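# Observations on the model geometry
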Amino acid sequence: GAVVSQHPSRVICKSGTSVKIECRSLDFQATTMFWYRQFPKQSLMLMATSNEGSKATYEQGVEKDKFLINHASLTLSTLTVTSAHPEDSSFYICSASIPKGNSPLHFGNGTRLTVT
Amino acid sequence: GNSVTQMEGPVTLSEEAFLTINCTYTATGYPSLFWYVQYPGEGLQLLLKATKADDKGSNKGFEATYRKETTSFHLEKGSVQVSDSAVYFCALSEQRAQKLVFGQGTRLTINP
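For the structure given in this document, a descriptive report is provided here. (Residues numbered from 1 in each chain as written. Chains lettered and ligands numbered in written order. Predicted model: local features only at pLDDT ≥ 70, side-chain atom pairs only at ≥ 80, totals over all residues. Heavy atoms only, no water.)

### Some points on the packing of aromatic side chains
Applying the stated criterion across every chain, the model contains 10 aromatic pairs over all chains. On the basis of an interplanar angle of 70° and a centroid distance of 6.0 Å, the ring pair of A:Phe107 and B:Phe102 is categorised as edge-to-face. In this pair, A:Phe107 sits in strand β10 (residues 105-107) while B:Phe102 sits in strand β11 (residues 101-102), so the two residues belong to two different chains. Among the residues examined, A:Phe107 registers a relative accessible area of 7% and is labelled buried. Seen in terms of ring centroids, B:Phe34 and B:Tyr36 are 6.1 Å apart; in terms of plane orientation they differ by 40°. Their pairing is tilted. (Phe/Tyr/Trp six-rings, centres within 6.5 Å; stacked < 30°, edge-to-face > 60°. Helix = DSSP H or I, 4+ residues; strand = E, 2+ residues; numbered from the N terminus. Buried < 20%, exposed > 50% of the residue type's maximum accessible area, 1.4 Å probe, protein only.)

See the structure below:
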């Protein structure tokens, strides 16, 4: 079964509004989660690494103030797209790893964001 | 920096055909290599992985061998099914880093 739950799966919002996406690890504690963005028919680009209890680490070119990441607990990380614009429309996917040995990353089912 | 290059798609095959999706990588250290699959409208699922040279990952009839000498991790399946239609991503991560670097993805369509 799924080990990472992402919500919502789809969201449509108007330009200028903010949208929050949740990523939960199920049955395990994830000190680190990752947020990816996928453009249509393209690969996944890592946006940021979410660290529980500390600031997220953003990849080059990703606006920190635009994509707010909060990792307030060991099972929940949130990505907030602030003042969304149509160019922010994309597929956002989170991932987390069970902190045991060489466990691979498990991905959420993604969130399709459409900004009108 | 690290990078992954996959063969460009889309790839269209008939059922029971042999599949190869090429993947090569560039890395400074000794990465782990992965194949992920994404079915329509879903997130990514780990298909198989290999953590060191000459390792072979396998799952659901798919195989890939970690070739250090050619820096490759080609995905193969002897007889594809319609249900294998999806987008396949090759990826690497540095040991213990867990951050994944993805290839551009290859869309596979299998016709009955």
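Continuing now.
### Some points on the pairing of strand β1 (residues 4-7) of chain A
Residue and element names in this part refer to chain A. The alternating pattern of β1 places Val 4 and Gln 6 on a buried face and Ser 5 and His 7 on a face that is not buried. Summarising the sheet, β1 and strand β3 (residues 19-25) pair through four bridges and their orientation is antiparallel. Bridged to Gln 6 within β3 is Cys 23. (Pairing = 2+ DSSP bridges.)

### Observations regarding the layout of surface pockets
All names here are of chain B. Roughly 450 Å³ of volume is contained in the largest pocket. Those elements giving two or more residues to the lining of the largest pocket turn out to be β10 (86-93) and β12 (106-111). Counting residues per element, the lining of the largest pocket draws most heavily on β10, at three residues. Per-class residue counts for the lining of the largest pocket are nine nonpolar, nine polar and five charged. (1 Å grid on protein atoms, 1.4 Å probe; cavity = no way out; pocket = protein on both sides within 12 Å on 5 of 7 lines; lining within 4 Å. Points joined across faces, edges and corners; volume = space filled by probe spheres on them. Nonpolar A, V, L, I, M, F, W, Y, C, P; charged D, E, K, R; others polar.)

### Thoughts on the environment of B:Gln6
Residue and element names in this part refer to chain B. Within the element layout of this structure, Gln 6 appears in strand β1 (residues 3-6). A relative accessible area of 3% means that Gln 6 is categorised as buried. Sequence-wise, Gln 6 and Phe 89 are 83 residues apart; in three dimensions their C-alpha atoms are separated by 7.9 Å. Engagement of the side chain of Gln 6 in a polar contact is seen with the side chain of Thr 106, the distance being 3.0 Å. (Polar contact = N/O pair within 3.5 Å; in protein donor to acceptor, adjacent residues only side chain to side chain.)

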